Amino acid sequence: MKALVAMSGGVDSSVAAALMLESGYDVVGVTLKQWEGENGQMPLAGCCTVADSEDARRVAAQLDIPYYVLDYVDEFTTKVVDHFGEMYVTGKTPNPCIECNRRVRFNVLLDRTEALGCDVLVTGHHARVVRGDSRYHLMRAVDPTKDQSYVLHMLDQEALARIRLPVGEMQKSDVRTYASRLGLRTALKPDSQDLCFVGEGSYRDFIRARFPDAARPGPIVATDGAHLADHDGLVDFTIGQRRGLGIALGERRYVVDLQPDTATVVLGRKEDLLAAGCEVDSVTFVSGSAPVDMAVEVKIRYRADPVPAVLQGDSANGWAVRFGQPQRAVAPGQAAVFYRGDEVLGGGTISRAFKSQETDYDR
Amino acid sequence: MFYLDHAATTEVRPETRTAMAPFLDDSFGNPSGVHEVSRRAKNALEEARERAAELLGAAHPLDIVFTGGGTEADNLAVVGSALADGKRGGVVTTAVEHEAVLSSAVFLDSLGCPVDVVGVDGQGRLDIAELVSRVGPGTAVVSVMTANNETGTLFPVREVAEAVRAAAETVPVHTDAVQAFVTEEVTFAALGVDMISLAAHKFGGPKGVGLLLAPRHIHLEPVIHGGGQELGRRSGTHNVAAIVGMVAAMEATVTDRIATRKRIDDIRNDFEATIGAALDDVEINGDLDHRLVQHSHLRIPGVSAETLLIRLDQAGVAAAAGSACHSGAIEVSHVLAAMGRSETAAAECVRFSFGWSSRPTDGHEAAQRVVAVARDLR
């Protein structure tokens, strides 16, 4: 059996490659060139850099496996970066890592695994693929502090059959120990934090430069419509944001709504942030269908804890989740991922939060 | 393993290794010194220069400038001519030149030098009249490659040089003959040009050494500044072992060239015949009537070059596509773009190239592996 390991130049994917070798696979390492500077080279800052691909190449050499760089710049630009910008233009808060997984990594790359002569695609994600009696299960990582199952919720049975996530079975500290034991140069490399395509400077500057529509000025208003101030672009605001609003008010105010048609930012009190539930687009289920009892725990941000919720709707009419308790700062554009215990059931993209107990589905 | 990437670089010839050995051992001197150790190195250097001049038909050994490779030789010819005598002279060149020439032209453009880049047709052919029409009083150098490094297309360099000379007698014509030297006659007499660039590693010499043949009456602003070696045209301590090795490889190449050419021609023809018989719709890129015998630049429609190269690597066939950028990803070739190939078509093109060490059965046997992989991918 032959494994195609997507190597980012970080410790997790380095160890993933080593683990596949150890378990008897022939291994081929690849780095996706996803972004480039104006000179056509890989960027020097960010996470998808020349230095990272050189780290991946050196690790591949240490492991004595073939290594290639695959050009996905066009696909990444149109499917991830442009989408990222469009989301900000429409007042949403996107998660580009999820779109990359959905549209590039576990899509075009997964589909190409066989053409590249390999049987399975391996990444360094912290999550687990468990083969059950009748189907594959997508589970949280063994290390709860590093769990990345949230960004993998779109994987379906066909995908999971061809994916291996070996480092999801390990504590992060054990991943580093393993890398050190093999003498891999990435053993002590810090985890990447930044968006891989932004590079130096903030993502907001990046968006301003590339997607001017996300930086069109507009009014800042109170929930009663009173005009408070003006702003320089929706890109500077996220639902739930308190700091950096640029105006002083007598009490704490939060961004409670972004209205893209008029580029309006609405400020309100903490309680105005509470949502009873949300509508969710692009919903997929790992098993292929929703749980019969529709009871899930939903995670509405990468760093949020899952909370009990009930699914409503169906694939024909769209999906919503109703939280057991109202949730704060439900931001359209983020993923709502459905769990049951450690198992990922599925998820989608939040399109709208609703405040009351009524939803479109109650009509 | 089938090594079909001789155009990228080729094996060092045994003659090269033998010639180099003493200079990696006790003849280690710096040729610029006064003592016996230096003298030994200096004598070898000048003997190599004389021999190279003879092989290239140069009027004088000192017309040869040893450089750190083909890229540097091209830079010296193009940048050096344009900036000579404190001027901002113009450059006329073609859209399919090696990056060493094209990027030099971009650099000169940024300095305010007039740059004219002439296109090619779908087979990579040049319109000489069009090129000559761009040559004017401000032109400092015309640079036209002998053979294209990707497709192997040969330019009628001699005719180009004659036409340029008829239009503007004093404008020097430079040719990058890096890719051609191994199988084509490369001399002043054969090419009719004023300057010739060579890179040793393309014909069995070591990497990191090359030469520019440029008669001393051609003024060149140096691109490497320092101790004034090579009549001030290229400073830096001579890499004696590499220079001696390069000239030994030149000598061996010229000696076997006719036989090598015939052998490679047969191998390449076997290769293309085997592929053409087994796979439908394969296109051969370049000017099929004027092409280096060692190049086979193919488009296999429906097969991604990137995927094909990776699969061929795993199947023991080394080939290339486009030009590799620093990260190793394949970039769309400027040569294919100049020939009017769409991005999709260009992404399906692969270069197979043979060389002095190719075995007679390489063409047929490697082609069978290419066919097997391409069939699997189609």
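Before reading on, note that the structure itself is shown above.
Reading guide: rules and limits
- Residues numbered from 1 in each chain as written.
- Chains lettered and ligands numbered in written order.
- Predicted model: local features only at pLDDT ≥ 70, side-chain atom pairs only at ≥ 80, totals over all residues.
- Heavy atoms only, no water.
- Pairing = 2+ DSSP bridges.
- Helix = DSSP H or I, 4+ residues; strand = E, 2+ residues; numbered from the N terminus.
- Axes fitted to C-alpha atoms, helices over the stretch in contact; angles between N-to-C directions.
- Buried < 20%, exposed > 50% of the residue type's maximum accessible area, 1.4 Å probe, protein only.
- Contact = heavy atoms within 4.5 Å.
- Polar contact = N/O pair within 3.5 Å; in protein donor to acceptor, adjacent residues only side chain to side chain.
- 1 Å grid on protein atoms, 1.4 Å probe; cavity = no way out; pocket = protein on both sides within 12 Å on 5 of 7 lines; lining within 4 Å.
- Points joined across faces, edges and corners; volume = space filled by probe spheres on them.
- Nonpolar A, V, L, I, M, F, W, Y, C, P; charged D, E, K, R; others polar.
- Domains from an automatic or database assignment.

Student: For the sheet that holds strand S2 (residues 64-67) of chain B, give the residues involved together with the corresponding values.
Tutor: All names here are of chain B. Spatially, seven strands are ordered S2-S8-S7-S6-S5-S3-S4 in an open sheet, and the strand pairing comes out mixed. Two strands close off the open sheet at either side, each with one partner strand: S2 and strand S4 (115-118). Each adjacent strand pair in this sheet contributes to an overall mean axis angle of 20°, direction not counted. The pairing of strand S6 (residues 173-176) with strand S7 (residues 195-199) spans three bridges and is classified as parallel. Within S7, the residue paired with Thr-175 across the bridge is Ile-196.

Student: Describe the environment of Glu-348 of chain B, and please don't skip the residues or the numbers.
Tutor: Residues and elements named next belong to chain B. Checked against the element boundaries, Glu-348 lands in the loop between helix H11 (343-346) and strand S14 (349-353). You can call Glu-348 buried: its relative accessible area is 13%. Excluding residues within four positions of it along the chain, Glu-348 makes contact with Leu-298, Arg-299, Ile-300, Pro-301, Gly-302, Val-303 and Ala-305. There is a polar contact of 3.1 Å between the side chain of Glu-348 and the backbone nitrogen of Gly-302.

Student: Tell me about the environment of Asp-270 of chain B, and name the residues and values.
Tutor: Residue and element names in this part refer to chain B. Inspection of the secondary structure puts Asp-270 in helix H8 (residues 240-278). With a relative accessible area of 37%, Asp-270 lands in the partly exposed category. Placed 45 residues apart in sequence, Asp-270 and His-225 show a C-alpha to C-alpha distance of 48 Å. In contact with Asp-270, not counting residues within four places along its chain, are Pro-360, Gly-363 and His-364.

Student: Describe empty space enclosed by the protein, naming the residues involved and giving the relevant values.
Tutor: Per the stated rule, a full pass over the model turns up two cavities of 30 Å³ or more. Looking at the largest cavity, its volume works out to about 60 Å³. What lines the largest cavity is His-6, Ala-7, Thr-10, Val-178, Gln-179, Val-182, Lys-202, Gln-294, Phe-354, Gly-355 and Trp-356 of chain B. Here the residues of the lining of the largest cavity are counted per class, giving five nonpolar, five polar and one charged. As a volume, the second largest cavity reaches approximately 30 Å³. Every residue lining the second largest cavity is listed: His-83, Met-87, Pro-94, Asn-95, Ile-98, Glu-99, Arg-102, Gly-333, Ala-335 and Thr-349 of chain A. In the lining of the second largest cavity, the residues fall into four nonpolar, four polar and two charged. When residues are assigned to domains, the lining of the second largest cavity turns out to be shared by domain 1 (2-182) and domain 3 (273-355) of chain A, each giving three or more.

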